[in-house]
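# Descriptive structure summary
Residue-level listing of the chains:
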Amino acid sequence: MYNLLYYELRKLLGRPFVLVGMLILILVNVSCFCTQSLPSIVAREKEDSAYASGFQAVEIEQRLAQKYGETLTDDVVQQMLHDFQPSAEFMEKTSGVHTAYIYNNSLQQAVQYHFANADGSWNGLSVEQVFGYDSLPLGYSAGWIATCTYMLQILLLLCLFLILVIAPVFCGEYGTVEALLLSARYGRTKLIQAKILAALIFSIGLICLFFLINFALAFYCFGGQGLDACVLFSFENAFSNIASPLSCGQLLRAMFFLSLSGAISVAAITLALSAASKNTYIALIAALFVFLLPLLLNLPSHHPFYKALMLCPVYQVMSNHILSADSISILGKQTLFAWLCLPFDIIISTVAIVLAHARFAKHEVT
Amino acid sequence: MELKIIEVTKQFANKTAVNQLSFSLYNGVYGLLGANGAGKSTLMRMLCRLQRPSSGRILCNNKDIYTLGEQYASYLGYLPQTFGYYADFSARDFLLYLSLVKGLPKATATRRCNILLEQMGLAEVQDKKIKTFSGGMKQRVGIAQALLNNPQILILDEPSAGLDPKERVRLHNLISALAQNRIILLSTHIVSDVEDLANEILLIKNGQLLHKDTADSIAQCIRGQVWECRVDAEQVAHMTACFNVAKVKSTQSSVQLRIISKRQPCPEAVPVKPVLEDVYLYYFNERRTGNV
């Protein structure tokens, strides 16, 4: 079985387009990091100081975050509003633009976005009124949030790439080697298991590799300081509406598990379609259609099927959507709706894998 | 080893490829003869469990091959008429991979691969990618893979296709050497391939078995219907239009024809001893069977 698995993995990875595709994806990932993360980060402590960029900007941000301690409370909010209050001269220059949209640093922008009027004065809201909690973990989160944001695009690309790689796993044998395989002793049993296992290992490996790359890049640039900071206390971003006060570290973990289970579902569904299709093109088109269809439906959040749609793999991979769905009560305990993905994925993946197995095992050579 | 085919039928949407076939195979070499579309490949695929019969049963040592499952597959070696390969695999990798699919332990797989690569004359190119091979070399890889598990039932669909004369002789010798203690069923269009090699010939037409006997016995069924005559060059066109002409051989002064006909085709024609090729033409070139 292990030897068969080795050959199936080799068949998957040995095709030139797979290696070229992975290289392109890594390049896209690095360019996303460069355009949306560290080099694009600028900061200054006050409106009259010069902007710093890159590592210097991160240093400024981290120093500011440390200055206000580890917890966001109403007192800390007041202190921040006081410190970041723009001067009358400056306000004149900006001619009525909300202070949150005049960027100095991410902390200033976050506090003014949630707690200030257009002129920078307090809007009267407490931490509990804004976030539903009387305190939140505080720290420099903007770097990690930027990383998580571009990763949403990368993860979507990874799933499309997975479909491209896995689509020929079964139907690629039809009309070529099928007769040799299916007349052999393990052709209808262990070979199928090896093919399925190879596809799943590839999917898991790909997701892990890209999480590792991005985690390493982000950790090198931002360090571990912001991982404890709450994602909610930030300027408007892809994760502004998530239903729970997750820290950046928790968000990364949630994204990792959701993408992993989403990728496994995508792989399983693609395998089933591959076994049932006459050729690779049909399998590829069918798998892309099934994967992308929920995005095209674009249901409003009050629609009865909205939450069911959120469980589809594409929304698991674009995890900001599913993490924004309202929490649900399971056994009297409030839980993130996103965790429903796990049983859903287990069911979908199991059914798809069983179908793929049965379809290839019963395939008749014509 | 006994393979029993009992009233096997394979029906496709608008065609009956195999119709109520019944026969038994024992250890030895069997040649499967028939025109294109006669049902040879369908029969072979059913014997390899690649297609399920619409009705009827196939028994191996009195057990249904579908009940035997993996055990039956471990007896089997199959060379399809056409087969693909993995472009990035070398001959050695391809054989090692298939031996694992056939359930051979790795050490045995390596040993069998070495033997077969040597036997098939592929040892020197074993590490080259199959996509660089000629048609004959690919066919030899196909034959090698069929023999990997030392099968007790060897099914070869057009094994000599693409082989040059030297390779064909080598294949014949190999099949003869393997014939002990196993069933070998091979289909071919080249009558001479099976005439000398096969213990018995199975002649199939429109999915039905016409004959199952030795080549000589089958040839006897058209005794008195094979003729040879010499005609002028101008008469050849007329004769080939009117009769089932098996052979045309030109000499300086005339043309010698071998004709399959129920009646004497011309006064000069003399009856000759039929061979298997005549029987093949008798059944599969029936448009002109001499009823003129």
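The text that follows walks through the structure, step by step, so that each part is easy to find. (Residues numbered from 1 in each chain as written. Chains lettered and ligands numbered in written order. Predicted model: local features only at pLDDT ≥ 70, side-chain atom pairs only at ≥ 80, totals over all residues. Heavy atoms only, no water.)

### Overview of the sheet that holds strand β8 (residues 183-188) of chain B
Residue and element names in this part refer to chain B.
- In spatial order, the strands read β6-β7-β8-β3-β9-β10; together these 6 strands make up an open sheet with mixed pairing. With partners counted over all chains shown, the strands left at the sheet margins are β6 (76-79) and β10 (208-213), one partner each. The mean angle between the axes of side-by-side strands here comes to 15°, regardless of whether they run parallel or antiparallel.
- Strands in contact with helix α6 (residues 135-147) are β6 and β7 (153-157); relative to β6, the strand with the most contacts, it is inclined by about 165°. (Pairing = 2+ DSSP bridges. Helix = DSSP H or I, 4+ residues; strand = E, 2+ residues; numbered from the N terminus. Axes fitted to C-alpha atoms, helices over the stretch in contact; angles between N-to-C directions. Contact = heavy atoms within 4.5 Å.)

### A short note on the packing of helix α2 (residues 16-36) of chain A against helix α11 (residues 190-222) of chain A
All names here are of chain A.
- With their axes 11 Å apart at the nearest point, α2 and α11 run at an angle of 30° to one another. Comparing the axis directions of α2 and α11 gives the class roughly parallel. The two elements α2 and α11 cross, and the hand of that crossing is right-handed. In this structure, α2 uses Val18, Met22, Leu25, Ile26, Asn29 and Phe33 to contact α11, whose residues at the interface are Phe202, Leu206, Leu209, Phe210, Ile213, Asn214, Leu217, Ala218 and Cys221.
- For the contact of α2 with α11, the class distribution of residues is 13 nonpolar, 2 polar and no charged. (Parallel < 35°, antiparallel > 145°, perpendicular 65-115°, else oblique. Left-handed = near helix turned anticlockwise from the far one by under 90°. Nonpolar A, V, L, I, M, F, W, Y, C, P; charged D, E, K, R; others polar.)

### What to know about a negative patch on the surface
Residues and elements named next belong to chain A.
- On the surface, Asp74, Asp75, Glu128 and Asp134 cluster together into a negatively charged patch.
- Locating Asp74 in the fold gives a position in helix α4 (residues 74-84).
- A residue is classified by how much of its surface remains accessible, and Asp74, at 34% relative accessible area, is partly exposed. (Patch = residues over 30% accessible without salt bridge, like charges linked within 9 Å, V, L, I, M, F, W, Y side chains within 5 Å. Areas by Shrake-Rupley, 256 points an atom, 1.4 Å probe, with all protein chains shown as cover. Salt bridge = Lys/Arg side-chain N within 4 Å of Asp/Glu carboxyl O. Lys, Arg positive; Asp, Glu negative; His and termini not counted. Charge placed at Lys NZ, Arg CZ, Asp CG, Glu CD. Buried < 20%, exposed > 50% of the residue type's maximum accessible area, 1.4 Å probe, protein only.)

### Description of unusual backbone geometry
Residues and elements named next belong to chain B.
- In the Ramachandran plot, Asn61 falls in the positive-phi region, its phi being about 50° despite a non-glycine side chain.
- Here Asn61 is to be found in the loop between β4 (55-60) and β5 (63-64).
- Notably, Asn150 is not glycine yet its phi reads approximately 50°, a positive angle.
- Looking at the element boundaries, Asn150 is found in the loop between α6 and β7.
- Overall, the relative accessible area of 43% leaves Asn150 in the partly exposed class.

### Some details on the side chain of Lys40 of chain B
Residues and elements named next belong to chain B.
- With respect to the helices, strands and loops of the structure, Lys40 is situated in helix α1 (residues 40-47).
- Here Lys40 is buried and forms no salt bridge, its nearest opposite-charge partner Glu158 lying at an N-O distance of 4.6 Å.
- Among the polar contacts listed, one links the side chain of Lys40 to the backbone oxygen of Gly34, at a separation of 2.7 Å.
- Those residues in contact with Lys40 that sit more than four places away from it in its chain are Leu32, Leu33, Gly34, Ala35, Glu158, Ser187 and His189. (Polar contact = N/O pair within 3.5 Å; in protein donor to acceptor, adjacent residues only side chain to side chain.)

### Some thoughts on the environment of Thr366 of chain A
- Looking at the secondary structure, you find Thr366 of chain A in the segment after α17 (341-361).
- Assessed through its relative accessible area of 74%, Thr366 of chain A is described here as exposed.
- Once residues within four sequence positions are removed from consideration, Thr366 of chain A is found in contact with Arg45 and Gln51 of chain B.

### A look at the interface of chain A and chain B
- Each partner contributes residues to the interface: chain A has 29 residues there, and chain B has 30 residues.
- Overall, the association of chain A and chain B removes approximately 2600 Å² of surface from exposure, summing both partners, and the carbon and sulfur fraction of that is 60%.
- Together, Tyr7, Leu180 and Arg185 of chain A form the three largest contributors to the area buried by chain A at its contact with chain B, with a combined 27%.
- Linking chain A with chain B are 2 salt bridges.
- As a salt-bridge pair, Glu364 of chain A and Lys10 of chain B come within 3.2 Å of each other at their nearest N and O atoms.
- Connecting chain A to chain B are 13 residue pairs in polar contact (both at pLDDT 80 or more).
- Elements that contribute at least two residues to the side of chain A that touches chain B include exactly α1 (2-13), α10 (178-182) and α11 of chain A. (Buried area = accessible area lost by both parts, 1.4 Å probe.)

### Some thoughts on the sheet that holds strand β1 (residues 2-12) of chain B
All names here are of chain B.
- The strand order β2-β1-β4-β5 describes an open sheet built from 4 strands, whose pairing is antiparallel. Every interior strand has two partners, whereas the edge strands, β2 (15-26) and β5, have only one.
- As judged from the 8 bridges shared by β1 and β2, these two strands associate in the antiparallel manner. Across the sheet, the residue bridging to Phe12 is Lys15, located in β2.

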